[in-house]
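# Analysis of the macromolecular model
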Amino acid sequence: MALMKRTATIAAVTGILAALAGCGGQSDPESSIKARIVVTPSSAMFYDSVSTVISGLPANTRVTVSASADGGSTGTWSSTAQFESDAAGVVSLSQPSVGGSYQGSDAMGLVEALAPSQLTSEYGEFFSPPGTGAFTIRLSAGVNGHVVGTGTMTRERGTVKPVTETPAATGVYGELFLPAHPTGPKPAVLVFGGSEGGIGRTVAEQGEALAAQGYPALVVAYFDEPGLTTGLENVPLEYFVKALNLLAKQPGVDRNHLLVWGTSRGSEAALLLGAHFPNLVHGVIAGVPSAVVWGSYPSRGDAAWTLGGNPVPSAPLRDWNDPDPADAQNAIIPVEQIRGPVFLVCGGQDQVWSSCPYTDAISARLARNHFPYPVTALHYPAAGHFGGDLIPFMPFADEDSPTATLSGSGGTELADEQAEAQSWPRLLAFLAQQ
């Protein structure tokens with residue numbers, strides 16, 4: 001597999017550099033090089049970009065920069081990049097990489113390209129550092145096979161108070177993320193994912209990141225967890241209403257500013273909630289959304305969602321990717337009924353479904369109906385389905401290289417992560433306006 005070859009090479013290169021660093025003699029010109037790696041800020045939130053500059057290098061020389069981090073159960077994650085130092089012997093990671101795990105200009109490319117030496121899942125691997133506190137990314141600079149400088153990048157996880165909710169206690173299966181130091185009533189967000197149904201790494205990070213920014217968040221599963229349905233089948237929209245009411249009771253929550261954030265299949269629920277419960281939902285965030293309701297999953301033939309005990313109409317699979325199915329007009333989500341701002345993100349290379357045509361259809365329907373609230377619709381032509389996750393710099397590794405198309409989801413690892421890096425500050429600006 002391409003990834004295994006790539007990361008095996010990284011591991012070999014890192015080992016060679018370390019070995020050579022210990023045996024170089026005074027006759028080696030590189031042994032006298034004392035490069036300095038400066039990360040600014042040295043400690044930052046895991047979703048923030050930083051600047052990394054290496055000085056004290058030979059002028060106009062090829063420099064290999066390596067990164068590694070502890071990925072917990074998935075082992076050590078590594079990446080490399082090659083740069084040309086300038087006339088002053090300086091390299092910035094924002095300049096183009098000319099080789100290694102990625103090529104091109106990306107200040108956080110080494111972080112985004114981190115990958116394990118071996119995959120344990122055929123569907124790819126998410127970077128999950130152990131513990132809940134800060135984690136460290138180790139950096140080294142090498143010239144001609146000699147390590148000439150080392151440094152670290154500290155990534156903070158934020159100070160939040162996660163609380164687990166269970167159906168037996170509250171009727172909701174979820175994790176509540178509250179700011180450790182609330183600053184007053186703030187907008188709060190109900191977060192849920194797509195066809196995975198449960199609380200995976202991605203939605204947990206979304207809740208964690210929101211709370212770290214001061215926004216209370218409740219991350220919920222809606223099937224395939226204890227006390228919930230099996231599969232995306234006949235899930236009551238009222239379940240999410242129950243979750244919203246639970247979120248509204250939490251300290252520091254502005255009850256007049258409750259938002260829902262759904263990704264992929266979860267975008268259907270988010271948009272439906274905004275449309276059918278406008279007095280409770282005051283804004284909708286939809287990552288790689290659909291403008292149309294689809295049926296149950298993985299089984300076929302039943303409704304995915306119910307409202308008032310009745311199935312929400314869905315389009316047949318033959319209409320997949322059609323934002324305006326002629327034979328299923330009642331499956332189109334009535335987004336014009338939403339009473340609050342809408343935030344949409346899509347990937348132009350999405351191979352799960354056509355999230356950008358769906359995004360355009362949602363925007364057009366809102367415009368036709370003279371929607372009075374702000375609409376943000378972000379298009380990322382090179383991104384795939386994972387570009388809708390919105391939280392940057394927590395790497396994902398597929399079987400292929402970070403610049404190869406991700407099988408099944410479209411886009412590339414780097415394109416998806418770059419879309420997330422651009423979307424996240426836009427989302428924070430969106431929330432700040434609530």
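Described below are features of the structure shown in this document. Every chain is numbered independently, its residues counted from 1 as its sequence is written. Restriction of local features to residues with pLDDT of at least 70 applies here, the model being predicted, together with a cutoff of 80 or more for giving and counting side-chain atom pairs; totals for whole chains, interfaces and linings are based on all residues. Calculated side-chain values reflect all of the structure's heavy atoms, with hydrogen atoms and water omitted.

## Considering the nonpolar core
Residues Ile-137, Trp-261, Leu-427 and Leu-431 are the most contacted members of the largest nonpolar core, which totals 66 residues. No other element matches the 7 residues that helix α8 (residues 413–432) contributes to this core. Contacts between residues were defined by any pair of non-hydrogen atoms, one from each residue, lying within 4.5 Å. For Leu-431, the contacting residues outside a window of four places in its chain are Pro-187, Val-189, Leu-210, Tyr-215, Leu-259 and Ile-285. In this description, a nonpolar core means a group of buried Ala, Val, Leu, Ile, Met, Phe, Trp, Tyr and Cys residues linked to one another through side-chain atoms lying within 4.5 Å. Throughout, exposure labels follow a simple rule: accessible area from a 1.4 Å probe, protein chains only, divided by the maximum for the residue type, with under 20% read as buried, over 50% as exposed, and the rest as partly exposed. Counting residues in each nonpolar core, the second largest holds 58 residues, with Ala-221, Leu-246, Ala-248 and Ile-332 among its members. Secondary structure elements follow DSSP: runs of H or I no shorter than four residues count as helices, runs of E no shorter than two count as strands, and numbering proceeds from the N terminus.

## Quick word on the pairing of strand β14 (residues 186–192)
On a regular strand, each side chain points to the face opposite its neighbour's, so the side chains alternate between the two faces of the sheet. Across the 7 residues of β14, 7 count as buried, placing the element largely inside the fold. Taken together, the 6 bridges between β14 and strand β17 (residues 253–263) define a ladder with parallel strand orientation. Looking across to β17, one finds that Lys-186 is bridged to Val-253. Strand pairing is defined by DSSP finding a minimum of two bridges between the two strands. Bridge count between β14 and strand β15 (residues 217–220): 3 bridges; the pairing is parallel. Bridged to Leu-190 within β15 is Leu-218. Handedness of a crossover is defined as follows: with both strands directed away from the viewer, a clockwise route from the first strand across the helix to the second makes it right-handed. Of the crossover connections in this fold, the one passing from β14 over helix α4 (residues 201–212) to the parallel β15 is right-handed.

## Considerations on the environment of Leu-246
Examined against the element boundaries, Leu-246 turns out to sit in helix α5 (residues 237–248). Residue Leu-246 is classed as buried on the basis of its relative accessible area, which comes to 15%. In the structure, Leu-246 is positioned 64 residues away from Pro-182 in sequence and 18 Å away in space, judged by C-alpha atoms. Not counting residues up to four positions away in its chain, the partners in contact with Leu-246 are Glu-165, Thr-170, Val-172 and Leu-218.

## Some words on the sheet that holds strand β6 (residues 91–92)
Read from one edge of the open sheet, 3 strands run β1-β3-β6, paired in antiparallel fashion. Each edge of the open sheet carries a strand with a single partner, namely β1 (36–40) and β6. Two elements, strand β3 (residues 51–55) and β6, share 2 bridges in a ladder whose sense is antiparallel. By the bridge assignment, Val-53 is partnered in β6 with Ser-92.

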